[in-house]
Amino acid sequence: MLVLDRVGKTYPNGVRALDGISLAVAPGEILVVIGGSGCGKSTMLRTISGLDPPTQGRVVLDGTVITAPHEQIGIIFQEPRLLPWLRVADNVGFGLADYPKAERRMRVAGALERVGLTEKARVWPRELSGGQAQRVAIARALVPRPQVLLLDEPFSALDAFTRADLQDHLLDLWADLRPTLVMVTHDVDEAIVLADRIMVMRAQPGRVYEEIACELPRPRDRQSAAFDFVKRRVLAALDRSLDRAVVMAEEVETRAAAGGGLWW
Amino acid sequence: MTADAEQAGAPEAISKGGAARVLRPALGLLLPVALALFWELAVRMGLSNGRLVPPPSVIWNTFSDLASTGELERHAAATLWRVACGFVLGVMAGTIFGAITGYSALTHRIVDPTLQALRSIPSIAWVPLFILWFGIFEASKIILIAVGVFFPVYLGVMGAVMSVDRKIVEVGRVFRLSGPAMVRRILLPAVMPAYVISLRAGLGLGWMFVVAAEFLGASTGLGFLLIDGQQLGKPAQIVAAIVAFAILGKATDWLIVLVASPFLRWEDRFARR
């Protein structure tokens, strides 16, 4: 269980990036955080990862307070961040340096097979496409089998086709060991495809604005009416979080309040 | 730049590879050989008396004379030895200082301004001082060369350490690397390309500084041959010594590239080999 207890982040120059964020993520849950730019979603992810600990409140994973990177918390960034001087297989095995060689090799081979890049094992990172490099980064993060996987806009640098492909791929990988996923994105479609719960954040200072449950059965059809319904709710919430004039929100909200369910 | 594109281009590249591999280094020889031929012809045809700028044939004769008496070997070995010792010293000092000032902002602020000031002093200016301090034998020469090698290496290492990509360092932090592990697994490989360039620059300066060192108080070495040639009115010897410098300098630089290239195969560079 991952818990954020009134997490706040104030920078030395006085800027309050986060304020009083409290949430709990159940084991194996997929939480997607969405919000306008500058709302602190990446900052929040970095406090969970331990790279940028909070200045107020605490991040707690199964009773352990997180103040520095933790072996049970993996992170995938927007750029693949592969080490250019290591071949793909060595990159994937980077976090397993303390393991015996045979086991490391086995796990790396398994991970590469899982992401469909076995034939790229001896290739240099410079020779990979963007999508391939990001898949290697995912393999690298998953190979130590962390309990929690954080993803900071992992697919935003990729084209739409690759993005849809990798979203499905990520769900596939997640189904293996069911880590807890906390993902930041600004792509609403991506959020709805992946999330069990969507958290809309609001800026200045960054805080939780609204939570929208997304209980559609997987695999989710991006063209379905149910998908569209959730999307309108999320877009409306986003608009409100940005103090933008909302057009369809009332109709959508009435329906949501009436049964909390879907209208067909 | 995808792997598919690489494979599509591969068959074409392989068939061209064989011929290209021989032709490409040969291209580098084209210019000097052409100039040498041109000059030889000019002297033979009487366009120049070839005394002050001897033609290649005369230079070649001087070379073989020096080689047959073992003189060439003796002087080249003396110069090479000095460059080698000075290079090792300069690289060690430059690497250590560069790494520390690159890593620690405080050390940088304290030490760098002084070193930058010292860097602007030309090699010749150090010679009288070092002769006074270290005598006229090998020590002063080797230290002078070490000074020459030190600065490019120091600058290169410092710059490389300071500009390591923060995003890559964060990968190290995410995987909880200890200090030494961070240096060994991330910082060192990351600075390697810039380090090799700084080594080559340092070596180049080392060759320049050895001449300054051998100009005064030397009785062996290619620099000595230069001065000797001037004092005895033997321009052929001077040019022969210069050619020897060029060859040895290029050879030692090529040696660094050769030794370093397995460590740099991963580079994603603008220039393609």
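Refer to the preceding data block for the structure.
Everything in this summary refers to the structure shown in the same document. (Residues numbered from 1 in each chain as written. Chains lettered and ligands numbered in written order. Predicted model: local features only at pLDDT ≥ 70, side-chain atom pairs only at ≥ 80, totals over all residues. Heavy atoms only, no water.)

Before going further, it helps to spend a moment on the overall build of chain B. For chain B, the count of helices and strands is 10 helices and zero strands. Expected size for 273 residues packed as a compact globule is a radius of gyration near 19 Å; at 23 Å, chain B overshoots this value by more than 25%. Principal axes of the C-alpha set define a box for chain B whose edges measure 70 × 60 × 30 Å. Looking at chain B as a whole, 40% of its 273 residues are labelled buried. Sequence separation of 24 or more characterises 71% of the internal contacts of chain B that already satisfy a separation of 6 or more. Accessible surface, chain B as shown: approximately 16000 Å² in total, 72% of it carbon and sulfur. Averaged over its 23 positive side-chain charges, chain B has a centre that lies 6 Å from the centre of its 16 negative ones. (Helix = DSSP H or I, 4+ residues; strand = E, 2+ residues; numbered from the N terminus. Rg over C-alpha atoms; globule rule 2.2 N^0.38 Å. Buried < 20%, exposed > 50% of the residue type's maximum accessible area, 1.4 Å probe, protein only. Contact = heavy atoms within 4.5 Å. Areas by Shrake-Rupley, 256 points an atom, 1.4 Å probe, with all protein chains shown as cover. Lys, Arg positive; Asp, Glu negative; His and termini not counted. Charge placed at Lys NZ, Arg CZ, Asp CG, Glu CD.)

Ranked by internal contacts, the top residues of the largest apolar core, which has 52 residues, are Ile 34, Val 92, Leu 112, Ile 192, Ile 198 and Val 234 of chain A. Grouped together as the second largest cluster of nonpolar side chains are 48 residues, Trp 126, Tyr 195, Ala 240 and Ala 260 of chain B included. (Core = buried A, V, L, I, M, F, W, Y, C linked by side-chain atoms within 4.5 Å.)

Residue and element names in this part refer to chain A. A complete count under the given rule lists two cavities of 30 Å³ or more for this structure. Of the pockets and cavities examined, the second largest cavity occupies roughly 30 Å³. In terms of lining, the second largest cavity is formed by Gly 36, Ser 37, Cys 39, Met 201, Arg 202, Ala 203, Ser 241 and Leu 242. When its residues are assigned to classes, the lining of the second largest cavity shows four nonpolar, three polar and one charged. (1 Å grid on protein atoms, 1.4 Å probe; cavity = no way out; pocket = protein on both sides within 12 Å on 5 of 7 lines; lining within 4 Å. Points joined across faces, edges and corners; volume = space filled by probe spheres on them. Nonpolar A, V, L, I, M, F, W, Y, C, P; charged D, E, K, R; others polar.)

This part is about the packing of aromatic side chains. Residues and elements named next belong to chain B. Tallied over the full model, the rule gives 10 aromatic pairs over all chains. Ring geometry for Phe 97 and Phe 150: centres 5.8 Å apart, planes at 80 degrees, overall edge-to-face. A residue pair is termed long-range when its members are at least 10 positions apart, and Phe 97 in helix H3 (residues 71-103) and Phe 150 in helix H6 (residues 138-162) qualify at 53 residues. The partly exposed category is assigned to Phe 97, whose relative accessible area is 40%. (Phe/Tyr/Trp six-rings, centres within 6.5 Å; stacked < 30°, edge-to-face > 60°.)

So, about the interface of chain A and chain B. Chain A puts 25 residues into the contact, and the matching count from chain B is 21 residues. Both sides of the chain A and chain B interface together cover about 2300 Å² of buried area, and 62% of this is carbon and sulfur. The largest per-residue losses of area from chain A upon contact with chain B belong to Trp 85, Phe 94 and Arg 126 of chain A, which jointly make up 32% of the total buried on that side. Our count for the chain A to chain B interface comes out at three salt bridges. Taking the shortest distance from any N to any O, the salt bridge between Arg 81 of chain A and Glu 170 of chain B comes out at 2.8 Å. (Buried area = accessible area lost by both parts, 1.4 Å probe. Salt bridge = Lys/Arg side-chain N within 4 Å of Asp/Glu carboxyl O.)

All names here are of chain A. Locating Asp 189 in the fold gives a position in helix H6 (residues 188-194). Spatially, the C-alpha atom of Asp 189 lies 9.4 Å from that of Ala 164, the residues being 25 residues apart in sequence. Excluding residues that lie within four positions of it along the chain, Asp 189 makes contacts with Phe 227 and Lys 231.

Attention shifts here to the pattern of salt bridges. Per the counting criterion, the structure on display carries 26 salt bridges over all chains. Here Arg 46 of chain A makes a salt bridge to Glu 170 of chain B, at a shortest N to O gap of 2.5 Å. On the criterion of chain membership, the pair formed by Arg 46 of chain A in helix H1 (residues 41-49) and Glu 170 of chain B in helix H7 (residues 166-174) is interchain, its members lying in two chains. Owing to a relative accessible area of 3%, Glu 170 of chain B belongs among the buried residues under this scheme. Asp 176 of chain A is paired through a salt bridge with Arg 114 of chain A; the nearest N and O atoms lie 2.7 Å apart. With Asp 176 of chain A in helix H5 (residues 160-177) and Arg 114 of chain A in helix H3 (residues 101-114), this pair connects stretches of sequence that are 62 residues apart. Its relative accessible area of 43% is what places Asp 176 of chain A among the partly exposed residues. It is possible to trace a salt-bridge network through shared partners that takes in Lys 9, Arg 46, Asp 52, Glu 79 and Arg 81 of chain A together with Arg 166, Lys 167 and Glu 170 of chain B.

Scope: geometric values only; no functional claims are made or implied.
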